Amino acid sequence: MREILLQIDGKEVKAREGMTVLEAARSAGISIPTLCHHEKLEPYGGCRICIVEVEVRGGTQIVVSCVYPVEQNLVVRTRSEKIDRIRKMILELLLAHAPDAFALQDLAKEYGADKDRFEKEASFCIHCGLCVRYCAEVKKKNAVGFVDRGTRREISFIPEIASKECWNCKECFPLCPTEALQAAFVLTKALYSPPHPGPEPRG
Amino acid sequence: MENERIDQIIDKHQSEASSLIQVLLEIQSENHWLPKEALERVSEKLQVPLTRVQHIVTFYKAFSLVPKGRHEIHICVGTACHVRGATRVLDNVQDLLGIKSGETDLDLKFSLETVNCVGCCALGPVMDVDGKIYGNMAPSKTADVIKNYE
Ligand code: SF4
Ligand code: FES
Ligand code: FES
């Protein structure tokens, strides 16, 4: 496969064709924050925290590093005043949904994001899609999915599948950057009564 | 809705997963809503995960997961219709049917929705029943329109 040379934060980085900027950066030990990225899953580009600046045709552009493919001689900057400002804004918006998420709090410290900037709308889910995609792509069970859209979008377990599969798996729980996933599962379990109850207790 | 009928619709689309939305739309227009059993059937036959079916039917407003009336009434409350008195038309229809916008009557005869501009503002206030447009509506005319539907 063709080798591609690019520059990230002033460092020469070798990458393979088809890699994303994020992968190239990580392979060179340069860190870019991510929230919705997972090595085992298809790139998603949902959270936008991983944005970087690239130089194209004399100008700079903001691109999403976890979905942007590497190019020969591409010049990438992973931090700049502008990027930091955008990341801070993204974090503040996400914190309005999930103010207690550790993953967000750590990043908030780094970027000086104020968790109280926007009115709280505590849905606890930041729509990273990690749970939904992990269940579909890795486990192939499709027990959890998104429903609705816009501000009302949320995750939802299919009770019939969840009651069979989830109890012994729960591999998505640690992926969730907030507590939303576990809460949704507990709720589903509480509300679900299987259509065929077990045998009558003998008395 | 009978499973046989759902299967017929699915067969018409050669059980192609890419026809998911078409299949759902056809069931919706015949049955006026999508019961859970229908979604499960479609998911199974088209080999599309139920999570995906659910995502789609909750995404588009064209689908309903609760029973809908045989006739769908839309009252336009877009800007042009609004200034021409759409609110009074809406109030009047709500009184006539005894349901509010977003609701369905107990006989499953009518469902009422408001919409924001159906694209013929010059005819405002506009009301549409099952896709047929009634223009220049006035509170005094709604009863005449509604009594045409059984
Ligand atoms: S529940 Fe958690 S893992 Fe799932 S989409 Fe929401 S934030 Fe992401
Ligand atoms: S990690 Fe790139 S958009 Fe979420
Ligand atoms: S506002 Fe009612 S048709 Fe345009």
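Residues numbered from 1 in each chain as written. Chains lettered and ligands numbered in written order. Predicted model: local features only at pLDDT ≥ 70, side-chain atom pairs only at ≥ 80, totals over all residues. Heavy atoms only, no water.

Caption draft 1: How the structure looks around the sheet that holds strand E4 (residues 132-134) of chain B. Residues and elements named next belong to chain B. The strand order across the open sheet built from four strands is E2-E1-E3-E4, with neighbouring strands paired in mixed fashion. Two strands bound the open sheet, and with one partner strand each, they are strand E2 (110-115) and E4. Averaged over all pairs of adjacent strands, the angle between strand axes in this sheet comes to 20°, irrespective of strand direction. Relative to E4, strand E3 (residues 127-129) runs antiparallel, the two sharing three bridges. Within E4, the residue paired with Met127 across the bridge is Tyr134. Helix-sheet contacts for helix H6 (residues 86-97) involve strand E1 (71-76), E2 and E3, and the interaxial angle to E1 is about 155°. (Pairing = 2+ DSSP bridges. Helix = DSSP H or I, 4+ residues; strand = E, 2+ residues; numbered from the N terminus. Axes fitted to C-alpha atoms, helices over the stretch in contact; angles between N-to-C directions. Contact = heavy atoms within 4.5 Å.)

Caption draft 2: Structural view of the site of ligand 1. All names here are of chain A. Every residue near ligand 1 is listed here: Cys125, Ile126, His127, Cys128, Gly129, Cys131, Phe146, Ile155, Cys176, Pro177, Ala180 and Leu181. Most atoms of ligand 1, that is more than half of them, are within 2 Å of grid points of the second largest cavity. For the shell around ligand 1, the class distribution of residues is 10 nonpolar, two polar and no charged. (Near = heavy atom within 4 Å. 1 Å grid on protein atoms, 1.4 Å probe; cavity = no way out; pocket = protein on both sides within 12 Å on 5 of 7 lines; lining within 4 Å. Sits in = over half its atoms within 2 Å of the grid points. Nonpolar A, V, L, I, M, F, W, Y, C, P; charged D, E, K, R; others polar.)

Caption draft 3: Molecular detail of the interface of chain A and chain B. On the chain B side, the residues contacting the 12 residues of chain A number 10 residues. Buried area between chain A and chain B, summed over both chains or domains, comes out near 930 Å², and the portion from carbon and sulfur atoms is 56%. For the interface between chain A and chain B, the tally reads one salt bridge. Residue Lys36 of chain B is joined to Glu160 of chain A by a salt bridge in which the shortest nitrogen-to-oxygen separation is 2.6 Å. Applying the counting criterion to the chain A and chain B interface returns three residue pairs in polar contact (both at pLDDT 80 or more). For the side of chain A that touches chain B, the class distribution of residues is five nonpolar, three polar and four charged. (Buried area = accessible area lost by both parts, 1.4 Å probe. Salt bridge = Lys/Arg side-chain N within 4 Å of Asp/Glu carboxyl O. Polar contact = N/O pair within 3.5 Å; in protein donor to acceptor, adjacent residues only side chain to side chain.)

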